[in-house]
Protein chains: 2
Amino acid sequence: MQGLSFKKTLTLRKNLPPPSESNEARIRVSLAGICSTDLEIAKGYMGFEGVLGHEFVGVVEAAPDPNWIGRRVVGEINAACGECCFCVRNMRNHCSHRTVLGILGRDGSFAEQLSLPVQNLHPVPENLTDEEAVFTEPLAAAFRITEQISIRSEDRVTLLGDGKLGLLIAQVLKDRCRLVVVGRHAERKALLDRWDVPSLSLDQTAPLQHLSDIVIDATGSSKGFDLAQQLVRPQGTIVLKTTCAGRPKVDLAKVVIDEVTLIGSRCGPFQPALEALAQKKVDVYPLITEVFPLKKGKEAFRKAAERGVLKVLLRP
Amino acid sequence: MQGLSFKKTLTLRKNLPPPSESNEARIRVSLAGICSTDLEIAKGYMGFEGVLGHEFVGVVEAAPDPNWIGRRVVGEINAACGECCFCVRNMRNHCSHRTVLGILGRDGSFAEQLSLPVQNLHPVPENLTDEEAVFTEPLAAAFRITEQISIRSEDRVTLLGDGKLGLLIAQVLKDRCRLVVVGRHAERKALLDRWDVPSLSLDQTAPLQHLSDIVIDATGSSKGFDLAQQLVRPQGTIVLKTTCAGRPKVDLAKVVIDEVTLIGSRCGPFQPALEALAQKKVDVYPLITEVFPLKKGKEAFRKAAERGVLKVLLRP
């Protein structure tokens, strides 16, 4: 089996053993997406070794329950033990013994085949293309915000970041609140204009200081948090979507003085993401920069890391 | 008027002008308390210059409404404009134009007299001694936690810090949840034992990793946050009570991965604090290390900064 594997360096390997967990589903990958986390992992973040990738759409080839065979699916990335104190509290994404597709102890989706527990799978509605379905996982991460905090229509919400994840979050939130996106890219502004989402460049944020009820940091940069602190109002909320290596210096005293709430936000619910895609409420096509064949995976990674590039997809 | 004033250094000044705001109450201070924030301010934190001190009990000498004259009072420390966007949202403690007693643009309580708006004052119930009443402000800060987060009886709450504020928080929370205090001082452990509050030393915390529903950082040290992150469970809550100068390095990625909520917590409600003191539900006497006359204020500050010392009071 061919796959894009990381161990100190990124390597296209042609003779990987296919996944053989008999108690899981084996899925032939149709399309996979490169996420910023993959770029971080390929720099050594998380200390992961193995096949990278956690965004995918594919077709079930084998499964303990034969009803799954032949179905087109997407899959939740956290494989839980089902028995630990977090699993029994319905916090499977935080299972103490979890493996995570392409991130922690489990080979990922940048390969011809992958393996996941059946309970992680979601059938893909027929009216979705593979190009749309492959966005289910990051779109679910965007919907996670709506599970964690109550967002009211009158709330002033500032979204920091007009990258891949930011543009999904913008589409999820745009009709739910008074949203402004702070971005870096002129061509994204045009896209946001088309979606009727107001946007500002970084140097236009001064008048917004301490006026946002909610600030969402999807910058992917450790600098995002400082700006979030400048923009959030006292007793406001900062949602942290950015994961990056290192320990940024943080003004914790300001968190106390302004009584701000910070909330970390990771993986989200697949069902609302699939519904939004099926109802064409989220437009993912403008987010696709390029599709590479898997065998050009290293080139795809270089492309994905370039400034101004949005989603790069891999087709095995 | 005599007062303990800070401008680059701490100085006992004997010829301060008495407060003369005709639209505020003038209060003769009976007793004032030194808080860790005062020690930080005396090191330059907040850039404050003027009379220090924000904890006090005293007697009203003059007021726009003569009904207040002669009453024994404690006072909320944030003086608000009443008109800004935060004041009109009932967030007076976060008023954009606020002054704060002995902390921001307003002389404080380490003096013979101080001035505060009448609406900041609370009459002290007769059955409280001055020594009890002077704890109202820090006890209100402890009660603030119960306003900000919902604490259930089954919640495992770990309180980091057995200092002045920690011991007040411990008494507020001990009958509301499954509380454990992590402290540094053997004699405080004896006190916590007497209050039926389980406590551990720092080197006993390893078995508690990732098991606390709520962790409260009242260590007063930038190291408290790291320990809080180790002890809080995924999707748990960290309440930040520590304000110290500087920008500690923080593992924000871990906040995201564990989807932890952080909440900054500052000033709190005086009414429940006064009620708890009046009902003798909170014992403050073991927290008083020493009472100094105001004229020995500099000596009192040195004492308050010593390791193992709890509350030092000043009597004008």
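Residues numbered from 1 in each chain as written. Chains lettered and ligands numbered in written order. Predicted model: local features only at pLDDT ≥ 70, side-chain atom pairs only at ≥ 80, totals over all residues. Heavy atoms only, no water.

1. Considerations on the sheet that holds strand E11 (residues 156–160) of chain A
So, point 1. Taking strand neighbours across the sheet as the criterion, the twelve strands line up as E13(A)-E12(A)-E11(A)-E14(A)-E15(A)-E16(A)-E16(B)-E15(B)-E14(B)-E11(B)-E12(B)-E13(B) in an open arrangement whose pairing is mixed. Two strands bound the open sheet, and with one partner strand each, they are strand E13 (199–201) of chain A together with strand E13 (199–201) of chain B. Across the sheet, the mean angle from the axis of one strand to that of its neighbour is 20°, orientation sign disregarded.
So, point 2. Where strand E11 (residues 156–160) of chain B and strand E12 (residues 178–183) of chain B come together, five bridges link them in parallel fashion. Considered in E12 of chain B, the bridge of Val157 of chain B is made with Leu179 of chain B. (Pairing = 2+ DSSP bridges. Helix = DSSP H or I, 4+ residues; strand = E, 2+ residues; numbered from the N terminus. Axes fitted to C-alpha atoms, helices over the stretch in contact; angles between N-to-C directions.)

2. Examining helix H3 (residues 136–148) of chain B
All names here are of chain B.
So, point 1. Compared with the 18 Å implied by 1.5 Å per residue over 13 residues, the 18 Å span of H3 between its first and last C-alpha is a close match.
So, point 2. Remark: the principal bend of H3, roughly 25°, maps to Ala142.
So, point 3. Within H3, eleven of the 13 residues are buried, which leaves it mostly tucked inside the rest of the structure.
So, point 4. Regarding H3, the residues found buried are Thr136, Glu137, Pro138, Leu139, Ala140, Ala141, Ala142, Phe143, Arg144, Ile145 and Gln148. (Expected span 1.5 Å × (residues − 1). Bend = angle between axes of the 7 residues up to and from the residue. Buried < 20%, exposed > 50% of the residue type's maximum accessible area, 1.4 Å probe, protein only.)

3. So, the interface of chain A and chain B
So, point 1. Contact with chain A, which involves 42 residues of that partner, is made by 42 residues of chain B.
So, point 2. Summed over both sides, the interface of chain A with chain B buries roughly 3,700 Å², with 58% coming from carbon and sulfur.
So, point 3. Three residues stand out in chain A for area buried against chain B, namely Arg247, Val256 and Glu259 of chain A, and they jointly supply 18% of the buried area on that side.
So, point 4. Applying the counting rule to chain A against chain B returns six salt bridges.
So, point 5. The salt bridge partner of Glu259 of chain B is Arg144 of chain A, with a shortest N-O separation of 2.8 Å.
So, point 6. Where chain A meets chain B, there are 21 residue pairs in polar contact (both at pLDDT 80 or more). (Contact = heavy atoms within 4.5 Å. Buried area = accessible area lost by both parts, 1.4 Å probe. Salt bridge = Lys/Arg side-chain N within 4 Å of Asp/Glu carboxyl O. Polar contact = N/O pair within 3.5 Å; in protein donor to acceptor, adjacent residues only side chain to side chain.)

4. As for the relation of the copies chain A and chain B
So, point 1. Laying chain A over chain B is done by rotating through 180° and shifting 0.0 Å along the axis; what remains is an RMSD of 0.0 Å. Taken together, these values place the two copies in the relation of a two-fold axis. When C-alpha distances to the rotation axis are compared across chain A, the minimum falls at Lys249 of chain A, with a value of 2.1 Å.
So, point 2. Counting the interface residues of chain A, we find that 100% of their copies in chain B are interface residues as well, pointing to one common contact surface. (Least-squares fit on C-alpha atoms with pLDDT ≥ 70 in both.)

5. A closer look at the sheet that holds strand E2 (residues 9–13) of chain A
So, point 1. Judged by pairing direction, the sheet is antiparallel, and its three strands sit side by side in the order E2-E1-E4 (chain A) without closing on themselves. Since the sheet does not close on itself, it has two edges, and those belong to E2 and strand E4 (50–51) of chain A, each with one partner.

6. Quick notes on the domain arrangement of chain A
Residue and element names in this part refer to chain A.
So, point 1. Looking at chain A, the domain boundaries give domain 1 (3–135 + 284–315) and domain 2 (141–264).
So, point 2. The gap between the C-alpha centroids of domain 1 and domain 2 is 27 Å.
So, point 3. In this assembly, domain 1 packs against domain 2 so that about 1,200 Å² is buried in total across both faces, 59% of it on carbon and sulfur atoms.
So, point 4. The largest contributions to the domain 1 side of the interface with domain 2 come from Leu287, Arg307 and Leu310, which together make up 40% of the buried area.
So, point 5. Linking domain 1 with domain 2 are zero salt bridges.
So, point 6. At the surface where domain 1 touches domain 2, the tally comes to two residue pairs in polar contact (both at pLDDT 80 or more).
So, point 7. With three residues, helix H1 (residues 36–41) is the largest single contributor of residues to the side of domain 1 that touches domain 2. (Domains from an automatic or database assignment.)

7. As for the side chain of Thr158 of chain B
So, point 1. Locating Thr158 of chain B in the fold gives a position in strand E11.
So, point 2. Contact partners of Thr158 of chain B, with chain neighbours within four places excluded, come to Val180, Val182, Ser212, Ile214, Val215, Ile216 and Leu231 of chain B.

8. As for the packing of aromatic side chains
Residue and element names in this part refer to chain A.
So, point 1. Applying the stated criterion across every chain, the model contains two aromatic pairs over all chains.
So, point 2. Ring centres of Phe110 and Phe301 lie 5.9 Å apart, and the angle between their planes is 80°; this geometry places the pair in the edge-to-face category. Taken together, the residues Phe110 in the loop between strand E8 (99–100) and strand E9 (113–116) and Phe301 in helix H9 (residues 297–304) connect sequence positions 191 residues apart.
So, point 3. Positioned over the ring face of Trp68 is Arg71, at 5.3 Å from the centre of the ring. (Phe/Tyr/Trp six-rings, centres within 6.5 Å; stacked < 30°, edge-to-face > 60°. Lys NZ or Arg CZ within 6 Å of the ring centre and 35° of its normal.)

9. Focus: unusual backbone geometry
Residue and element names in this part refer to chain B.
So, point 1. Phi at Asn90 is positive, roughly 65°, even though this residue is not glycine.
So, point 2. One non-glycine residue, His210, adopts positive backbone phi at about 60°.
So, point 3. Following the sequence through the fold, His210 ends up in the loop between E13 and strand E14 (212–217).

10. Overview of the packing of helix H3 (residues 136–148) of chain A against helix H4 (residues 164–173) of chain A
Residues and elements named next belong to chain A.
So, point 1. H4 packs onto H3 with a crossing angle of 50° between their chain directions and a minimal axis gap of 9 Å. Taken together, the axis directions place H3 and H4 in an arrangement best described as oblique. Viewed along their axes, H3 and H4 form a crossing whose handedness is right-handed. On H4, the residues that touch Pro138, Leu139, Ala141, Ala142, Phe143, Ile145 and Thr146 of H3 are Leu165, Leu168, Ile169, Val172 and Leu173.
So, point 2. By residue class, the composition of the contact of H3 with H4 is eleven nonpolar, one polar and no charged. (Parallel < 35°, antiparallel > 145°, perpendicular 65-115°, else oblique. Left-handed = near helix turned anticlockwise from the far one by under 90°. Nonpolar A, V, L, I, M, F, W, Y, C, P; charged D, E, K, R; others polar.)

11. A short note on the nonpolar core
One recurring pattern in soluble globular proteins is that nonpolar side chains are buried together.
So, point 1. Formed by 47 residues in total, the largest nonpolar core has its most connected members in Leu139, Leu173, Leu179 and Ile216 of chain A.
So, point 2. Counting only domains with at least three residues in this core, you end up with domain 1 (3–135 + 284–315) and domain 2 (141–264) of chain A.
So, point 3. For Ile216 of chain A, the contacting residues outside a window of four places in its chain are Ile145, Val157, Thr158, Leu159, Leu160, Ile169, Leu173, Val239 and Lys241 of chain A.
So, point 4. With 46 residues, the next largest nonpolar core counts Leu31, Ile151, Leu173 and Trp195 of chain B among its residues. (Core = buried A, V, L, I, M, F, W, Y, C linked by side-chain atoms within 4.5 Å.)

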